[in-house]
Amino acid sequence: MKHLTHPLCKRWHALVPVVVLLAVSSVSGVGLGSGASGARAVPRGARVGALFSGDLEGGHFCTASVVRSGGRDLILTAAHCLSGGGDTDVVFAPGYRDGRAPYGLWRITRTFVPGAWSDRADEDSDFAFAVVASKGGRDLEDAVGANAFAPGRETGASPVVVTGYPNVLDVPLTCVNRPTAQSRTQQRIECPDFTDGTSGSPWVDAEGEVVGVLGGFQQGGATDDVSYSAVLGGAADALYREAGGSFGSD
């Protein structure tokens, strides 16, 4: 279980996982992205951030990332990070680092959690979306850009970059490795030191598409060195569309 208790819910190397701490200007596997209008100097790594309850004081409990949507206001995380349902006091800090939120705090206003998770905590449905409020007339995607969401990709078709916020760090940790099948509905990846707090971390493939989200089996994994994701298929596609997702390219 790779999330912390909070008020709502309490490598490109194909063989050896590579883990690094992201520098301020570093990027999750790719160079500076064009992002959205007004975000051309923003690194793609800023599309990943930490979830907090209310403000930065209480510490971060999960990870989330910005995905493309019609409203330009959508984030993806694990369902067990948002299982309180409804409007919340949870805020998203994209690009969070060293106690600072360089792109601001974005308040979640609506959550989209699969019914199979809400009903029975189905590990194959451990993914969720949330809409955030705009800030000063600007949408989240305008501030930091967004990754494409790509359900239906074959497990292990390419290595992926996994970026998350371990509870013991105030900087993101990133790992590059190739996922393998855990079962027909679950995929796994070896990434050292992905402790509590990394639930919701996006798995981004060589095309810059999110093909997994850390969660699923054992709510992301019972050890720090192996993590899981549900295989994202038709149910994830349907929930994404319900949340206002858009499959347009960056």
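Residues numbered from 1 in each chain as written. Predicted model: local features only at pLDDT ≥ 70, side-chain atom pairs only at ≥ 80, totals over all residues. Heavy atoms only, no water.

### What to know about the overall build of the protein chain
Here is the rule we go by: The numbering of helices and of strands both runs from the N terminus, where a helix is a DSSP run of H or I of at least 4 residues and a strand a run of E of at least 2. Only protein chains enter the accessibility calculation, which uses a 1.4 Å probe; a residue is then buried when its area is under 20% of its type maximum, exposed when over 50%, and partly exposed in between.
Within the protein chain, the secondary structure is distributed over 3 helices and 15 strands. Looking at the protein chain as a whole, 53% of its 250 residues qualify as buried.

### Concerning the nonpolar core
Spelled out, the test is: Each nonpolar core is a collection of buried residues, namely Ala, Val, Leu, Ile, Met, Phe, Trp, Tyr and Cys, held together in the definition by side-chain atoms within 4.5 Å. What makes two residues a contact is simply this: any of their non-hydrogen atoms within 4.5 Å.
With 25 residues, the main nonpolar core has Leu51, Val66, Ile75, Phe92, Ile108, Leu140 and Val144 as its most contacted residues. It is strand 3 (residues 60–67) that provides the largest number of residues to this core, a total of 4 residues. Not counting residues within four places of it along the chain, the set of residues in contact with Val66 comprises Arg47, Leu74, Ile75, Phe92, Leu140, Val144, Gly145, Ala146 and Asn147. Grouped together as the second largest cluster of nonpolar side chains are 17 residues, Val67, Val210, Val213 and Leu232 included.

### Observations concerning the environment of Gln218
Put simply, the test is: Two N or O atoms count as a polar contact when they lie within 3.5 Å, although within protein this holds only if one can serve as hydrogen donor and the other as acceptor, and sequence-adjacent residues are included solely when both atoms are side-chain atoms.
One can find Gln218 in the loop between strand 14 (209–213) and strand 15 (226–230). Taking the C-alpha atoms as reference points, Gln218 and Glu123, separated by 95 residues in sequence, lie 7.6 Å from one another. A distance of 3.0 Å separates the side chain of Gln218 from the backbone nitrogen of Ala222, its partner in a polar contact.

### Notes on the sheet that holds strand 15
Defined as follows: Only strands that DSSP links by at least two bridges are regarded as paired with each other.
Reading across from one edge, 11-12-15 is the order of the 3 strands in this open sheet, with antiparallel pairing throughout. Only two strands of the sheet have a single neighbouring strand rather than two, namely strand 11 (180–181) and strand 15.

### A word on helix 3 (residues 234–242)
Put simply, the test is: Taking the helix axis as origin, the arc is that swept by the directions to the C-beta atoms.
Within helix 3, the full set of buried residues consists of Ala236, Leu239 and Tyr240. Buried positions in helix 3, seen along its axis, are confined to an arc of 100 degrees and lie on one side of it. In helix 3, the exposed residues that point more than 90 degrees away from the buried face are Gly234, Arg241 and Glu242. Contact partners of the buried residues in helix 3: strand 3, strand 4 (74–77), strand 6 (106–112), strand 7 (128–132) and strand 8 (148–149). Immediately beyond the C-terminal end of helix 3, within one or two residues, lies Gly244, with a positive phi of roughly 100 degrees.

### Some details on the packing of aromatic side chains
Applicable threshold: Put simply, two rings from Phe, Tyr or Trp (the six-membered ring, in Trp's case) pair if the centres are within 6.5 Å, and we call them stacked under 30 degrees between planes, edge-to-face over 60, tilted for the rest.
Per the stated rule, a full pass over the model turns up 6 aromatic pairs. Centroid distance Phe129 to Tyr240: 5.5 Å. Interplanar angle 40 degrees. Geometry classified as tilted. Residue Phe129 is located in strand 7, and its partner Tyr240 is located in helix 3; the two are separated by 111 residues in the primary sequence. As far as burial versus exposure is concerned, Phe129 and Tyr240 are alike and both buried. Seen from their ring centres, Phe217 and Tyr228 are 4.9 Å apart, and the 80 degrees between their planes marks the pair as edge-to-face. In this pair, Phe217 is assigned in the loop between strand 14 and strand 15 and Tyr228 in strand 15, connecting sequence segments 11 residues apart. The exposure class of Phe217 is partly exposed, given its relative accessible area of 24%.

### Observations concerning a negative patch on the surface
The cut-off we apply is this: Patches here: salt-bridge-free residues with over 30% relative accessible area, like charges joined within 9 Å, nonpolar side chains (Val, Leu, Ile, Met, Phe, Trp, Tyr) joined within 5 Å. Each accessible area is a Shrake-Rupley estimate made with a 1.4 Å probe; only the visible protein chains count as cover when residues are assessed. For this document, the term salt bridge refers to a Lys or Arg side-chain nitrogen within 4 Å of an Asp or Glu carboxyl oxygen. By the counting rule applied here, Lys and Arg register as positive and Asp and Glu as negative, while His and the ends of each chain are not counted. Throughout, a charge is located at the NZ atom of Lys, the CZ atom of Arg, the CG atom of Asp or the CD atom of Glu.
On the surface, Glu190, Asp193, Asp224 and Asp225 cluster together to form a negatively charged patch. Take Asp193: it is sitting in the loop between strand 12 (186–190) and strand 13 (202–204). We classify Asp193 as partly exposed; its relative accessible area is 48%.

### A few points about the pattern of salt bridges
On inspection of all chains with the given rule, the structure shows 6 salt bridges. Across the salt bridge formed by Arg68 and Glu141, the nearest N and O atoms sit 2.8 Å from each other. On the criterion of sequence distance, the pair formed by Arg68 in the loop between strand 3 and strand 4 and Glu141 in helix 2 (residues 140–144) is long-range, its members being 73 residues apart. In this pair, the class of Arg68 matches that of Glu141, namely buried. In this structure, the salt-bridge partner of Asp98 is Arg97, at a minimum N-O distance of 3.8 Å. Using a relative accessible area of 21% as the deciding quantity, one classes Arg97 as partly exposed.

### Some words on the state of the cysteines
Stated formally: In this description, the term disulfide denotes a pair of cysteine sulfurs within 2.5 Å.
Here the structure, examined in full by the defined rule, presents 2 disulfides. Two residues share a disulfide in this structure: Cys62 and Cys81, whose sulfurs sit 2.0 Å from each other. Because the sign of the S-S torsion sets the handedness, a value of about -80 degrees for the bond joining Cys62 and Cys81 places this disulfide among the left-handed ones. Here Cys62, found in strand 3, pairs with Cys81, found in the loop between strand 4 and strand 5 (90–94); they are 19 residues apart in sequence, far enough to count as distant. Since its relative accessible area comes to 0%, Cys62 is described here as buried. Residue Cys81 is classed as buried on the basis of its relative accessible area of 0%. Here Cys175 connects covalently by a disulfide to Cys191, the sulfurs 2.1 Å from one another. Here Cys175 and Cys191 share a disulfide; its torsion about the S-S bond, -80 degrees, makes the bridge left-handed. Here the residue Cys175 occupies a position in strand 10 (residues 173–177), and Cys191 occupies one in the loop between strand 12 and strand 13, the gap between them amounting to 16 residues.

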